[in-house]
Amino acid sequence: MRKRLLRYLGALIVSTVATYSGLARQAVAETAPACGLSDVSAWQVAMEDPQEEATPAYVLRTTEDFIARCPQRPEIPEAHRIAGLAAAWAEETGTAASHFEAAGDMRDTEALLMHAAVRFALGEPERATALRDDAITLWTARIARRGLADIETERLPHGEIIKVSFDRTDPETQLSHLWIARPDGPGWPAALAVSSRRQLNAFHQLRAGEDAPALRHVRLYRCETRRLLARSTERLSDREIDAAARLGLSAYLADPDIPGTGALRPCVFDGDILPAIHPARAVPTQ
């Protein structure tokens with residue numbers, strides 16, 4: 001699990017830095033004579049082609065060196081965001097908190113939920129809850145703005161359930177429905193998802209034959225665990241699965257997962273609870 005998380009962090013950093021630095025080369029003039037685009041490029045190269053293992057400690061050290069050399073560069077808020085993520089994975093909670101604060105207004109759900117984990121660990125549940133809510137609100141607004149899904153919200157005694165019915169989805173996951181549970185008070189979100197993953201279907205067809213119908217999976221995701229609830233080649237009844245989702249998530253809202261103070265416990269399955277779907281790759285939901 002640890003190695004998977006480190007690979008995920010590395011991919012996130014490389015993708016973000018490459019994109020952001022590319023835009024900077026086109027649109028941003030140098031603001032400090034002593035620190036220019038060559039310094040940004042050197043940081044990017046150090047991240048993309050490290051001369052040592054790209055551990056969170058390496059990413060943090062390399063990015064903090066860039067921040068110290070180039071404090072006035074327009075890339076610095078993004079650098080603080082990356083340093084905050086790296087510090088959190090390195091379990092340097094106080095350092096992560098400082099970098100996330102310096103990053104300013106963050107707009108991606110991964111960083112917001114990691115910042116929430118940091119605040120939980122520091123004994124600031126109200127701040128953590130606000131960051132969690134920001135992540136969910138930004139995610140639902142982005143999905144709606146891109147026209148990827150219909151979204152309905154239902155209030156319950158201990159929180160709310162957000163039902164997301166996808167019109168277009170990632171071709172690898174074929175996510176058709178998602179129910180997100182958001183507790184009223186401190187606590188992580190949870191989600192129930194209906195998907196038909198391409199890789200799992202490929203394995204299924206190797207065993208059952210190329211003409212075998214696609215498998216649909218129903219999974220419950222909490223921040224630190226996931227559980228397969230159902231698997232079927234038959235089309236699942238919308239009414240039955242909706243009832244099951246509401247029942248299960250209502251129970252979760254009554255007793256949500258609340259990280260304690262002390263050890264930093266990230267939301268490992270954030271990408272399944274609030275999945276990123278890129279409009280350019282999205283395909284119609286089957």
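Summarised in this report is the structure supplied together with it. Remember, predicted model here, so these are calculated numbers, not experimental data. Every chain begins its residue count from 1, and numbering advances along the sequence as written. Predicted model: local features are reported for residues with pLDDT of at least 70 only, side-chain atom pairs are reported and counted for 80 or more only, and whole-chain, interface and lining totals are derived from all residues. Here the side-chain values reflect all heavy atoms present in the structure, with hydrogen atoms and water set aside.

Some words on the sheet that holds strand S7 (residues 226-232)
Okay, so step 1: For two strands to be treated as a pair, DSSP must find no fewer than two bridges joining them. Counting from the N terminus, the helices are DSSP H or I runs at least four residues long and the strands are E runs at least two residues long. Read across the sheet, six strands follow the order S1-S2-S4-S5-S6-S7 without closing on themselves; strand pairing throughout is antiparallel. Each having just a single partner strand, strand S1 (149-156) and S7 make up the two edges of the open sheet. Along the sheet, successive strands turn relative to each other by an average axial angle of 15°, direction set aside.
Okay, so step 2: Where strand S6 (residues 216-221) and S7 come together, six bridges link them in antiparallel fashion. Looking across to S7, one finds that Val218 is bridged to Ala230.
Okay, so step 3: Contacting S1, strand S2 (159-166) and strand S4 (177-183), helix H7 (residues 125-145) runs over the sheet at an angle of about 155° to S4.
Okay, so step 4: Together, S1, S2, S4, strand S5 (190-195) and S6 form the strand contacts of helix H9 (residues 238-254), whose direction differs from that of S4 by roughly 20°. For helices, the fitted axis covers only the stretch in contact; all axes are lines through C-alpha atoms, and the angles between them, taken along N-to-C directions, range from 0 to 180 degrees. For this analysis, residues touch if any pair of their heavy atoms sits within 4.5 Å.

So, H9
Okay, so step 1: Along its 17 residues, H9 runs 24 Å from first to last C-alpha, staying within 8% of the 24 Å computed at 1.5 Å per residue.
Okay, so step 2: Buried, partly exposed and exposed residues are distinguished by accessible area as a fraction of the type maximum, computed with a 1.4 Å probe on protein chains only: under 20%, between the cut-offs, and over 50%, respectively. Every buried residue of H9 is listed here: Ile241, Asp242, Ala245, Leu249, Tyr252 and Leu253. Projected down its long axis, H9 shows its buried positions confined to an angular sector of 100°, all on one face. The exposed set on the far side of H9, more than 90 degrees from its buried face, consists of Arg239, Glu240, Leu247 and Ala251. Multiplying one less than the number of residues by 1.5 Å gives the expected span of a helix. Directions drawn from the helix axis to the C-beta atoms are what define this arc.

Considering the packing of aromatic side chains
Okay, so step 1: Note on ring pairs: Phe, Tyr and Trp rings are taken, using the six-membered ring of Trp, and paired if centres are within 6.5 Å. Classes follow the plane angle, with under 30 degrees stacked, over 60 edge-to-face and the rest tilted. Counting across every chain of the model gives three aromatic pairs.
Okay, so step 2: Centre to centre, the rings of Trp43 and Phe66 are 4.4 Å apart; their planes meet at 5°, and the pair counts as stacked. Residue Trp43 is found in helix H2 (residues 37-48), and its partner Phe66 is found in helix H3 (residues 56-69); the two are separated by 23 residues along the sequence.
Okay, so step 3: When its relative accessible area of 3% is taken as the criterion, Trp43 is described as buried.
Okay, so step 4: The class of Phe66 is buried, set by a relative accessible area of 0%.
Okay, so step 5: Their ring planes at 45° and their centres at 6.1 Å tell us that Tyr221 and Phe269 sit as a pair that is tilted. Of this pair, Tyr221 sits in strand S6 while Phe269 is found in the loop between H9 and helix H10 (270-273), placing the two residues 48 residues apart along the sequence. Exposure class is identical for Tyr221 and Phe269. Each is buried.

Some words on the environment of Thr169
Okay, so step 1: Inspection of the secondary structure assignment puts Thr169 in strand S3 (residues 168-169).
Okay, so step 2: Taking the C-alpha atoms as reference points, Thr169 and Gln286, separated by 117 residues in sequence, lie 9.2 Å from one another.
Okay, so step 3: Dropping the residues within four chain positions of it, Thr169 is found in contact with Gln174, Leu175, Ile277, Arg281, Ala282, Val283 and Thr285.
Okay, so step 4: Between N or O atoms, a polar contact is any pair within 3.5 Å; within protein, one atom must be a potential hydrogen donor and the other a potential acceptor, and residues adjacent in sequence are included only when both atoms are from side chains. A polar contact is formed between the side chain of Thr169 and the backbone oxygen of Leu175, at a distance of 3.1 Å.

Structural notes on the nonpolar core
Okay, so step 1: In terms of nonpolar packing, the biggest core is built from 74 residues, with Val164, Phe166, Ile180 and Trp188 touching the most fellow members.
Okay, so step 2: Apart from residues lying up to four places away in sequence, Phe166 is in contact with Trp139, Ile143, Leu148, Ala149, Leu175, Ser176, His177, Leu178, Ile277 and Thr285. Throughout this description, the term nonpolar core refers to a set of buried Ala, Val, Leu, Ile, Met, Phe, Trp, Tyr and Cys residues connected via side-chain atoms within 4.5 Å.

Concerning the side chain of Thr93
Okay, so step 1: Positionally, Thr93 belongs in helix H5 (residues 93-103).
Okay, so step 2: Leaving out residues up to four positions away in the same chain, Thr93 has contacts with Val118, Ala121, Leu122 and Leu264.

Focus on the pairing of S6
In the case of a regular strand, side chains alternate between the two sheet surfaces.
Okay, so step 1: The buried count for S6 comes to five of six residues, which makes it a mostly enclosed element.
Okay, so step 2: Alignment of S5 against S6, held across five bridges, turns out to be antiparallel. Directly across from Ala191, in S6, lies its bridge partner Tyr221.
Okay, so step 3: Count of turn residues in the S6/S7 antiparallel hairpin: four residues.

Looking at the packing of helix H4 (residues 76-89) against H5
Okay, so step 1: The geometry of H4 relative to H5 is characterised by a closest axis approach of 8 Å and an angle of 160° between their N-to-C directions. Of the possible angle classes, the one that applies to H4 and H5 is roughly antiparallel. Both H4 and H5 take part in a crossing whose hand is left-handed. Of the residues in H5, those in contact with Pro77, His80, Arg81, Ala83, Gly84, Leu85, Ala87 and Ala88 of H4 are Thr95, Ala96, His99, Phe100, Ala102 and Ala103.
Okay, so step 2: Looking at the contact of H4 with H5 residue by residue, the class counts come to nine nonpolar, four polar and one charged. Roughly parallel covers angles under 35 degrees, roughly antiparallel covers those over 145, roughly perpendicular covers 65 to 115, and oblique covers all other angles. Helix crossings are classified by the rotation of the near helix relative to the far one: an anticlockwise turn of less than a right angle makes the crossing left-handed, while a clockwise turn makes it right-handed. Polar here means any residue outside two lists: the nonpolar Ala, Val, Leu, Ile, Met, Phe, Trp, Tyr, Cys and Pro, and the charged Asp, Glu, Lys and Arg; Gly therefore counts as polar.

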